[in-house]
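What follows is each chain in one-letter form.
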Amino acid sequence: MTKAEVITKISEKTGIQKDDVTQTVEAFFKVVKESMAEGENIYVRGFGSFINKKRAKKIARNISKNTAIVIDEHYIPAFKPSKVFIEKIKNSKKIKELAPQD
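All residue numbers refer to position in the chain's written sequence, counted from 1. At least 70 in pLDDT is required for a residue's local features to be given in this predicted model, at least 80 for side-chain atom pairs to be given and counted, and no such filter applies to totals for whole chains, interfaces and linings, which use all residues. Excluded from the side-chain calculations are hydrogens and water; all other atoms, namely the structure's heavy atoms, are used.

Right, let's talk about a nonpolar patch on the surface for a bit. Here the term patch refers to residues with relative accessible area over 30% and no salt bridge, with like charges joined within 9 Å and nonpolar side chains (Val, Leu, Ile, Met, Phe, Trp, Tyr) within 5 Å. Residue burial considers only the protein chains on display, and all accessible areas are found by Shrake-Rupley using a 1.4 Å probe. Whenever Lys or Arg places a side-chain nitrogen within 4 Å of a carboxyl oxygen from Asp or Glu, that contact is recorded as a salt bridge. Together, Met1, Val6 and Ile10 give the surface a local cluster of nonpolar side chains, amounting to about 280 Å² of exposed area. Under the DSSP-based scheme used, a helix requires at least four consecutive residues in state H or I and a strand at least two consecutive residues in state E, with every element numbered from the N terminus. Secondary-structure assignment places Met1 in the segment before α1 (3-14).

Structure follows, in structure tokens:
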């Protein structure tokens, strides 16, 4: 599902104009990005957490030049779903239908 499809679905479910939903969704993404760039994590009860994960300094290989390179400690954005969210997906009939049969 694309962002446009999500916006359409929200508009249909709430009766709010697509333009207003688009502005709201874009504002939400902007707040998430800016907050995480400032080192803040975002917790949405019943949905999940947008967190900054710390990656340790490590030595990697550039296989084309056969040299070692150092990758400094850094942070990457991550999403951790809530237990409620995980259970909803686990118990989804649609997902079970898509699962490969043994």
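Under the criterion given, the structure shown has three salt bridges. Across the pair Lys54 and Glu73 runs a salt bridge, and its minimum N-O distance is 3.5 Å. Residue Lys54 is found in strand β2 (residues 48-55), and its partner Glu73 is found in the loop between β4 (67-71) and β5 (74-81); the two are separated by 19 residues along the sequence. A salt bridge links Glu87 to Lys90; the shortest N-O distance between them is 3.9 Å. Taken together, the positions of Glu87 and Lys90, both in helix α3 (residues 83-90) and three residues apart, correspond to about one turn of that helix. Note on classification: 1.4 Å probe, protein chains only; a residue is buried when its accessible area is under 20% of the maximum for its type, exposed when over 50%, partly exposed between these limits. Look at Lys90 and you get exposed, because its relative accessible area is 54%.

A few words on the sheet that holds β5. At least two bridges found by DSSP between two strands is the condition for calling them paired. Taking strand neighbours across the sheet as the criterion, the three strands line up as β1-β2-β5 in an open arrangement whose pairing is antiparallel. What marks the edges here is a single partner per strand, and that holds for β1 (42-44) and β5. Taking each pair of neighbouring strands and ignoring which way they run, the sheet shows an average axis angle of 30 degrees. Between two residues, a contact is recorded if the distance between any of their heavy atoms is within 4.5 Å. What counts as an axis is a line fitted to C-alpha atoms, over the stretch in contact for a helix, and the angles between N-to-C directions run from 0 to 180 degrees. Along the sheet face, helix α2 (residues 18-37) touches β1, β2 and β5 and points at about 35 degrees away from the line of β2.

With 12 residues, α1 should cover 16 Å at 1.5 Å per step; its first-to-last C-alpha distance of 16 Å lies within 8% of that length. Residue Gly15 follows α1 closely and has a positive phi angle near 80 degrees. Multiply 1.5 Å by the residue count of a helix minus one, and that product is the helix's expected span.

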